[in-house]
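Geometric and topological summary
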Amino acid sequence: MSNNKIISWIIKVGLLIIPVLPLVVITSLYFPFITGRNFIFRIIVEILFVLWVWLMMKDISYRPRSSVILYSAIAWIAVLFLATVFSVSPYKSFWSSFERMEGFWGYWHYFMYFLMLISVFKKEKDWHTFFGVSLVTSLVIGLYSVMQMLGFLDIHQGDDRIDATMGNATYLAIYIVFHIFLLAWLFFRSEGKNIFLRLGLFVLILFESFIVYKTATRGAILGLITGLFVGSIINVIYSKGLTRKLALGGLGAIIFLVIGFITVKDTSFVRSSDVLTRFASISFSETTTQSRFIIWDMAYQAWKEKPILGWGPENFVYVFSKYYKSELWRQEPWFDRAHNVFLDWLISTGVVGLLAYLSMFATAVITVWKLFKSRKITVKLATVILGMLVAYFVHNMFVFDNFTSYMIFFAVLAYLHYLYTRSESISDNRSLGTEDVPEVARFAITIITGIAVAFSLYWFNVKPILASQSIIDSLQLLTYSRDGSRTRDLDMGVKAIERGLEYNTFGTQEIREQLALYSEKINADPATSAEDKKKITEFALEQMKIQTENFPYDVRALAFISTLYSTAGDYANSILTAKKGLEVSLNRQQFYFLLAEAYFKAGEENLALDTLKTVYEIVPEYPDAINNYAIMSIFAGKPEIAEALLKKHFGTEVVGDPKYVNAYAAIGDFKKVTIIWEKLVENTPSNPQYRLGLASAYVKTFQDKKAIEQLEKAIEISPSFKNQGEIYIQQIKAGKLKR
């Protein structure tokens, strides 16, 4: 075997490892479902790239051959580079984060992966092996999903939507959708062969379809249905005989199912299924639907500000802050994606980038059409590929991409490129560059590439991996375990954070944010000393200040800093920081709440009240805005405002909510405190803490007999409280408790 064949074989083996990566979950890394497989992917691609550079310079047959798909991919990566250079935050656009692992650097690896696929997979059996490995992996993931359904394995999202090794039901859904079409491809290829093989493939298609159904991912399921619908139409038009009849039957079945579901969507049968209920709830008035339209409008408004090359990859969080609309209070506080891939590309790379991205779909469709018209592929293979692309396209209208979908998408593009370039009648079959590379130049370029990759392997992979591990290490050191087997070690936890920061990687922002979150939790822990609280707060504050200096557009950092200043007792700077946040994100309720809290702690109750009144007027239906305004009204000595608010929104002047206890106690209205605790006990009679609170309120209102009754019931509910409860009872009887 020649050296060229050996190197080619090594590259092929390395590429065949990549379809197995969806199985990888490394729990010692931050975002274990994202970082582990992405780092391994990048390491594999970088090492193989060095070998490929040598190979394609030495042997012209391993250079990429021209095709419209290749040109569209080149255009896409080129526009991405320009959008990154002119980004609002070039650093973030280039590197992304642990949570996403995308950015230009991530996309560049997908491009290198694509280049190597189209260069070394030269035979049909290469592609059969690649997709075969991917299919086997998908079946293992399907079995993992079944184990989750049966309760043998945990669902990582915490609800009933299976997520397998993806950690996210949406990611699992589109991954399996791709493989349903790959299974259909094998099914059609097996025509005329062993009937049991075809039956087995059909069963596997049904199995993986069931997995998609159980993810309850509406975008993926709609995509699958649409892909099958389009595939059926193609077969109706271009197929004959039994295939055409089956396609007509498929069309009828899809139409019948859709109309039938619309007819019965309000029945008890549908409502008894969580999956069907998610579909039945689709409407313009649904909270998720409304929030999507709001976010898409925000994205559109932001695009008009930077229409050509956009804001740069990974910068949607800045768009979300600047164009934030108060109606989004029902959703999570920070979005870094538009939940529409096409709007994400429009925002990230402008209209030029969106067109470049869409060109990959367009050239794929054009290639399939050319191959079909020239009879290089059958109508069935054309149906499978186009159906797959349509399903993926529809799915992307509602969510965002991830490693597993990119991995398969670029593999499908590479396969289409292969089908096109092997068909001499429709392609010129030219390699990109036909000149021989002198041996000296070949060695020099390979050595330079190798040195660059060695540098990258350590600085851009190993160091970020270690930084990611430091977050998990610090989490274990700075928090208690649920079962009490692990205690906190603040000094070691801080050292783990410092170690992660010293690596100075693209994950530094996330390390700082985790530090700020740890600080909040530690400051809320009564068992932690004041000295330790001060230490962790000052450290977190120092790091978040650096964050804002390095990333002035990072509004999220301002929220952390305002909180940390308030915790440290520096209310003036907490106020200033919250105001800075409002200058960028005027309608964001969080900054109003932070500002009001700082005013209140600084003794400016009226300013706090005015601030909370403002946010209430911005979004009067927001429960937190209502409650915060009402509570502050009580603290400010204006309980009539609170009672009117509560009457208006909740139908009662006093609500059973422990947040109101301190407010009424502060103004000495223990009658209201008593009513609150009575409502809480009535709603949750098995809670001993509520009964203890009610007993305390009865003592304050000179109702000792009732106080003793509540303490006795608390002891009955929680026997571990007996000794302490009996002491309280004795003190009440002796009149020693403070009224």
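Structure first, text after, so check above.
As a starting point, this report considers the structure included with it.

As a packed pair, helix α20 (residues 508–523) and helix α22 (residues 555–568) sit with axes 11 Å apart at the nearest point and diverge in direction by 30 degrees. The angle between α20 and α22 places the two elements in the roughly parallel class. For the element pair α20 and α22, the recorded crossing hand is left-handed. Of the residues in α22, those in contact with E513, A516, L517, S519, E520 and N523 of α20 are R556, F560, T563, L564 and T567. Tallied by class, the residues present in the contact of α20 with α22 amount to four nonpolar, four polar and three charged.

Here a ring pair, both rings aromatic, is described through the centre-centre distance and the interplanar angle of the planes. Under the counting rule described, the total for this entry stands at 72 aromatic pairs. When the ring of W95 is compared with that of F506, the centres are 6.1 Å apart and the planes differ by 5 degrees; the resulting orientation is stacked. Taken together, the positions of W95 in helix α4 (residues 90–95) and F506 in the loop between α19 (490–502) and α20 put the pair 411 residues apart, joining distant regions of the chain. W95 gets classed as buried once you look at its relative accessible area, which sits at 14%. The class for F506 is buried, based on a relative accessible area of 6%. The interplanar angle of 75 degrees and the centroid separation of 5.1 Å between the aromatic rings of Y238 and F372 together place this pair among those described as edge-to-face. Taken together, the residues Y238 in helix α9 (residues 218–238) and F372 in helix α15 (residues 341–373) connect sequence positions 134 residues apart. The ring of Y62 has K122 sitting right over it, with the charged end atom 4.9 Å from the ring centre.

All right, on to unusual backbone geometry then. Phi at R375 is positive, roughly 60 degrees, even though this residue is not glycine. If you trace the backbone, R375 turns up in the loop between α15 and α16 (379–395). Taking the relative accessible area as the measure of exposure, R375 reaches 78% and is therefore exposed. Although it is not a glycine, F702 sits at a positive phi angle of roughly 60 degrees.

Now for the pattern of salt bridges. A full pass over the atoms with the stated rule returns 16 salt bridges. Across the salt bridge formed by E314 and R337, the nearest N and O atoms sit 2.9 Å from each other. Of the two residues, E314 sits in the loop between α13 (287–305) and α14 (316–322) while R337 sits in the loop between α14 and α15, which places them 23 residues apart along the sequence. Given the relative accessible area of 10%, E314 is considered buried. The closest approach of N and O atoms between D336 and R337, which form a salt bridge, is 3.9 Å. Assessed through its relative accessible area of 23%, D336 is described here as partly exposed. Its relative accessible area of 7% is what places R337 among the buried residues.

For the rest of this paragraph, the subject is the nonpolar core. Ranked by size, the top nonpolar core spans 220 residues in total, and within it L15, W76, Y113, F114 and F410 carry the most contacts. Not counting residues up to four positions away in its chain, the partners in contact with Y113 are L15, I18, F41, V45, F130, M407, F410 and A411.

This part covers the packing of helix α1 (residues 3–17) against helix α5 (residues 103–120). Between α1 and α5, the least distance of the axes is 11 Å, while the angle of their chain directions is 130 degrees. The orientation of α1 relative to α5 falls into the category oblique. At the point where α1 passes α5, the crossing takes the left-handed sense. Residues S8, I11, K12 and L15 of α1 touch α5, and the partners they reach there are Y113, M116, L117 and V120. Classifying every residue of the contact of α1 with α5 by side-chain character gives six nonpolar, one polar and one charged.

This paragraph deals with the environment of A516. Relative to the helices and strands, A516 resides in helix α20. Distance in space between the C-alpha atoms of A516 and T165 is 29 Å, their sequence separation being 351 residues. When residues no more than four places from it in sequence are discounted, the contact partners of A516 are A540, M544, F560 and L564.

Its location among the elements puts S134 in helix α6 (residues 124–149). What makes S134 buried here is its relative accessible area of 2%. Ignoring anything within four residues of it in the chain, the contact list for S134 reads P19, Y175 and H179.

To continue, consider a positive patch on the surface. A cluster of like positive charges, contributed by K5, K122, K123 and K125, occupies part of the molecular surface. Mapped onto the fold, K122 is located in the loop between α5 and α6.

Another point: the side chain of R218. For R218, the location among the structural elements is in helix α9. Separated by 2.9 Å, the side chain of R218 and the backbone oxygen of R278 make a polar contact.

There is a patch of nonpolar side chains on the surface, built from I6, W9, I10, V13 and I17 and spanning about 430 Å² of accessible area. Following the sequence through the fold, V13 ends up in helix α1.

The rules behind the values
Residues numbered from 1 in each chain as written. Predicted model: local features only at pLDDT ≥ 70, side-chain atom pairs only at ≥ 80, totals over all residues. Heavy atoms only, no water. Axes fitted to C-alpha atoms, helices over the stretch in contact; angles between N-to-C directions. Helix = DSSP H or I, 4+ residues; strand = E, 2+ residues; numbered from the N terminus. Parallel < 35°, antiparallel > 145°, perpendicular 65-115°, else oblique. Left-handed = near helix turned anticlockwise from the far one by under 90°. Contact = heavy atoms within 4.5 Å. Nonpolar A, V, L, I, M, F, W, Y, C, P; charged D, E, K, R; others polar. Phe/Tyr/Trp six-rings, centres within 6.5 Å; stacked < 30°, edge-to-face > 60°. Buried < 20%, exposed > 50% of the residue type's maximum accessible area, 1.4 Å probe, protein only. Lys NZ or Arg CZ within 6 Å of the ring centre and 35° of its normal. Salt bridge = Lys/Arg side-chain N within 4 Å of Asp/Glu carboxyl O. Core = buried A, V, L, I, M, F, W, Y, C linked by side-chain atoms within 4.5 Å. Patch = residues over 30% accessible without salt bridge, like charges linked within 9 Å, V, L, I, M, F, W, Y side chains within 5 Å. Areas by Shrake-Rupley, 256 points an atom, 1.4 Å probe, with all protein chains shown as cover. Lys, Arg positive; Asp, Glu negative; His and termini not counted. Charge placed at Lys NZ, Arg CZ, Asp CG, Glu CD. Polar contact = N/O pair within 3.5 Å; in protein donor to acceptor, adjacent residues only side chain to side chain.

So far we have only geometry, and geometry alone does not tell us how the molecule works.
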